[in-house]
There are 2 protein chains.
Amino acid sequence: MAIKERKEREKQEMRNLIIESATHLFLKQGYDKTSIRNIAEDIEYSPATIYLYFKDKDEIFYVIHENAFAILDQELRKHDVVADPFERLAAIGRTYIQFAFENPDYYDLMFIMRAPMQQIKNEEKWEALDCAFGYLLQTLTACFEEKKIRQADLHVTAIMVWSYVHGLVSLYVRERMCILMMPDDAVREVLYGSFDLFLANLKA
Amino acid sequence: MAIKERKEREKQEMRNLIIESATHLFLKQGYDKTSIRNIAEDIEYSPATIYLYFKDKDEIFYVIHENAFAILDQELRKHDVVADPFERLAAIGRTYIQFAFENPDYYDLMFIMRAPMQQIKNEEKWEALDCAFGYLLQTLTACFEEKKIRQADLHVTAIMVWSYVHGLVSLYVRERMCILMMPDDAVREVLYGSFDLFLANLKA
DNA sequence: GCATTTACTAAACACTGTTTACTATATTTA
DNA sequence: TAAATATAGTAAACAGTGTTTAGTAAATGC
């Protein structure tokens, strides 16, 4: 019965079509303005059809969130070639910040919005973040082994590094850096500079 | 004409009534579930009446946001009595983190949500945050003068400290700390521990 | 060829923020 | 004091939202 396989394929294609449209609208107009009716109109189907392929709006944005993590992960792991673990840590951090600057809506969805978290609660393991965070743990382990950074608990250090870069970019993404009263470019420079200072303080 | 004064007073009382109801509902059910109709029902007026006292929903939450800043500011400035500026910095940081743990919805409104920022864009100066951030700058200046922390640019250091504690608590508030796979109490301990490590790295 | 399953949709439900047109009361003016 | 005006408040509507239900038309299985 090749029909079943074709049907399965068609089902997946329809899911992809919805995700593609939703991603396009999301990156163009943001989460709130990306309504089920907008997506439906864009793909030329009725709104109810979308519910045959996704449980609810959050499930659509859960898939987009997963795709975004795949992109970030790919960017971060490019630095695998950097031999010195401290240099690698620095490169990873800068790439993380750059990713947030260049993809603020993706960053928002991955690390700030509540939307995709409903799904994750039912999954008992957040693989997408586990993967990226695992890479940080791995890099920090190498830093400790080679005594490149001050000795401390691995997980506490990892939380410290992640929280720090997240703090920088999330204040930027959610427009709290406006207190600096600087043009956007200058703010970004301060953030990169602040990260450099953080790294210097971390050094053994 | 004492009538005009009474009218002014009544207008302010009505605004207060709306803000009180909105704050109560917000802290009980969150932003999304606090609708204009809910507030109207709670204060026993029609929804349209609220628009005679506030431009829109965001303006209501802007006032709540200002009140929340007043509370945080009061908490932080309690540490004015701590003579040693580094000790004061540590106390301020811990109180900031504690505030976020104890008032996650307020914290969200102040530092994460987009709602109050629409108003702030029209104000050209964000006094509430300016006040709190000013206290941090003041404390850090004292730290530098007494050579308690590593020499660096004042603003870059301030952004570093603020971003760091914000990163910690915003990942917690928006439920990203779930990757630690720990009970809530243990997560909070890790966050406080991470802050201690950060301070140690900052020390001169 | 007929029964059944599948794919899809129009319309409705229960909400949301916000505006408009209208009423009843309070205040001011003649 | 009586008429004119200003103020306070509201019912109903507008334009949206996510989601569900009931019903149709086409594809598939027998």
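Residues numbered from 1 in each chain as written. Chains lettered and ligands numbered in written order. Predicted model: local features only at pLDDT ≥ 70, side-chain atom pairs only at ≥ 80, totals over all residues. Heavy atoms only, no water.

### What about the protein's contact with DNA strand C?
Surveying the vicinity of DNA strand C reveals 20 residues, the closest of which are Thr49 and Tyr53 of chain A together with Arg6, Arg37 and Tyr51 of chain B. One of the backbone N or O atoms of Ser46 of chain A is found 2.9 Å from a phosphate oxygen in DNA strand C. Here a phosphate oxygen of DNA strand C and a side-chain polar atom of Tyr51 of chain B are 2.7 Å apart. Contributing elements (two or more residues each) for the surface near DNA strand C: helix H3 (47-50) of chain A together with helix H1 (2-29) and helix H2 (36-43) of chain B. Per-element tally for the surface near DNA strand C: the top contributor is H1 of chain B, with three residues. Class assignment for the residues of the surface near DNA strand C results in nine nonpolar, four polar and seven charged. (Near = heavy atom within 4 Å. Polar contact = N/O pair within 3.5 Å; in protein donor to acceptor, adjacent residues only side chain to side chain. Helix = DSSP H or I, 4+ residues; strand = E, 2+ residues; numbered from the N terminus. Nonpolar A, V, L, I, M, F, W, Y, C, P; charged D, E, K, R; others polar.)

### Concerning the protein's contact with DNA strand D
In the vicinity of DNA strand D there are 20 residues, among which Arg6, Arg37 and Tyr51 of chain A together with Thr49 and Tyr53 of chain B approach most closely. Each atom of DNA strand D within 4 Å of the protein belongs either to a base or to sugar and phosphate, the latter forming 58%. One nitrogen or oxygen atom from the side chain of Arg37 of chain A is found 2.6 Å from a base nitrogen belonging to DNA strand D. Between Tyr53 of chain B and DNA strand D, the recorded distance is 2.5 Å, taken from a side-chain N or O atom to a phosphate oxygen. For the surface near DNA strand D, the secondary structure elements donating two or more residues are helix H1 (2-29) and helix H2 (36-43) of chain A together with helix H3 (47-50) of chain B. With three residues, the single largest contributor to the surface near DNA strand D is H1 of chain A. Partitioned by chemical class, the residues of the surface near DNA strand D number nine nonpolar, four polar and seven charged.

### Digging into the layout of surface pockets
If you add up the space inside the largest pocket, you get close to 1500 Å³. In terms of lining residues, the largest pocket is bounded by 47 residues, among which Met113, Arg114, Ala115 and Arg174 of chain A together with Arg174 of chain B are the most central. With four residues, the single largest contributor to the lining of the largest pocket is helix H7 (residues 117-121) of chain A. Classifying every residue of the lining of the largest pocket gives 20 nonpolar, six polar and 21 charged. By volume, the second largest pocket amounts to about 210 Å³. Lining the second largest pocket are Glu175, Cys178, Ile179 and Met181 of chain A together with Met117, Ile120, Lys121, Glu124, Lys125, Trp126 and Asp130 of chain B. (1 Å grid on protein atoms, 1.4 Å probe; cavity = no way out; pocket = protein on both sides within 12 Å on 5 of 7 lines; lining within 4 Å. Points joined across faces, edges and corners; volume = space filled by probe spheres on them.)

### As for the side chain of Glu59 of chain B
All names here are of chain B. Along the chain, Glu59 turns up in helix H4 (residues 57-77). One buried charged residue, Glu59, remains without a salt bridge, the closest side chain of opposite sign being Arg15 at 4.2 Å. Of the polar contacts made by the side chain of Glu59, one reaches the backbone nitrogen of Lys55; its length is 3.0 Å. (Buried < 20%, exposed > 50% of the residue type's maximum accessible area, 1.4 Å probe, protein only. Lys, Arg positive; Asp, Glu negative; His and termini not counted. Salt bridge = Lys/Arg side-chain N within 4 Å of Asp/Glu carboxyl O.)

### A few points about the environment of Ser46 of chain B
Residue and element names in this part refer to chain B. By secondary structure assignment, the location of Ser46 is in the loop between H2 and H3. Here Ser46 falls in the partly exposed class, since its relative accessible area comes to 37%. Distance from Ser46 to Ile36, taken between C-alpha atoms, is 9.4 Å for residues 10 residues apart in sequence.

### As for the domain arrangement of chain A
Residues and elements named next belong to chain A. Partitioning chain A into structural domains gives domain 1 (1-54) and domain 2 (56-202). One C-alpha centre belongs to domain 1, the other to domain 2, and the line joining them spans 29 Å. Tallying the contact residues gives 15 residues for domain 1 and 14 residues for domain 2. A combined buried area of about 1300 Å² lies between domain 1 and domain 2, and 75% of that area is made up of carbon and sulfur atoms. Looking only at domain 1, the three residues that lose the most surface to domain 2 are Phe26, Tyr31 and Phe54, adding up to 47% of its buried area. (Domains from an automatic or database assignment. Contact = heavy atoms within 4.5 Å. Buried area = accessible area lost by both parts, 1.4 Å probe.)

### Remarks on the relation of the copies chain A and chain B
Overlaying chain A with chain B gives an RMSD of 0.0 Å, the required rotation being 180 degrees about an axis along which the chain moves by 0.0 Å. What the superposition gives is, in effect, a two-fold axis relating one chain to the other. Considering only C-alpha atoms, the part of chain A nearest the rotation axis is Gly167 of chain A, at 1.8 Å. By residue overlap, the copies meet face to face through one surface: 100% of the interface positions of chain A are interface positions in chain B. (Least-squares fit on C-alpha atoms with pLDDT ≥ 70 in both.)

### Examining the nonpolar core
Judged by nonpolar contacts, the single largest core of 152 residues is most densely connected at Ile60, Phe111 and Trp162 of chain A together with Ile60, Phe111 and Trp162 of chain B. In contact with Phe111 of chain B, not counting residues within four places along its chain, are Leu171 and Arg176 of chain A together with Phe69, Leu72, Tyr96, Leu129, Trp162 and His166 of chain B. (Core = buried A, V, L, I, M, F, W, Y, C linked by side-chain atoms within 4.5 Å.)

### Here we look at the interface of chain A and chain B
Opposite the 47 residues of chain A that make contact, chain B presents 47 residues. Summing the contributions of chain A and of chain B, the shared interface buries around 4000 Å²; its carbon and sulfur component is 65%. The interface formed by chain A and chain B holds six salt bridges in total. In this structure, Arg114 of chain A and Asp108 of chain B form a salt bridge, with 3.2 Å as the shortest nitrogen-oxygen distance. Here chain A is connected to chain B by 21 residue pairs in polar contact (both at pLDDT 80 or more). When contributions to the side of chain A that touches chain B are tallied by element, the ones reaching two or more residues are helix H6 (104-111), H7, helix H8 (127-145), helix H9 (154-173) and helix H10 (184-202) of chain A. At 13 residues, the largest contribution of residues to the side of chain A that touches chain B is made by H9 of chain A. Among the residues making up the side of chain A that touches chain B, the classes are represented as 30 nonpolar, eight polar and nine charged.

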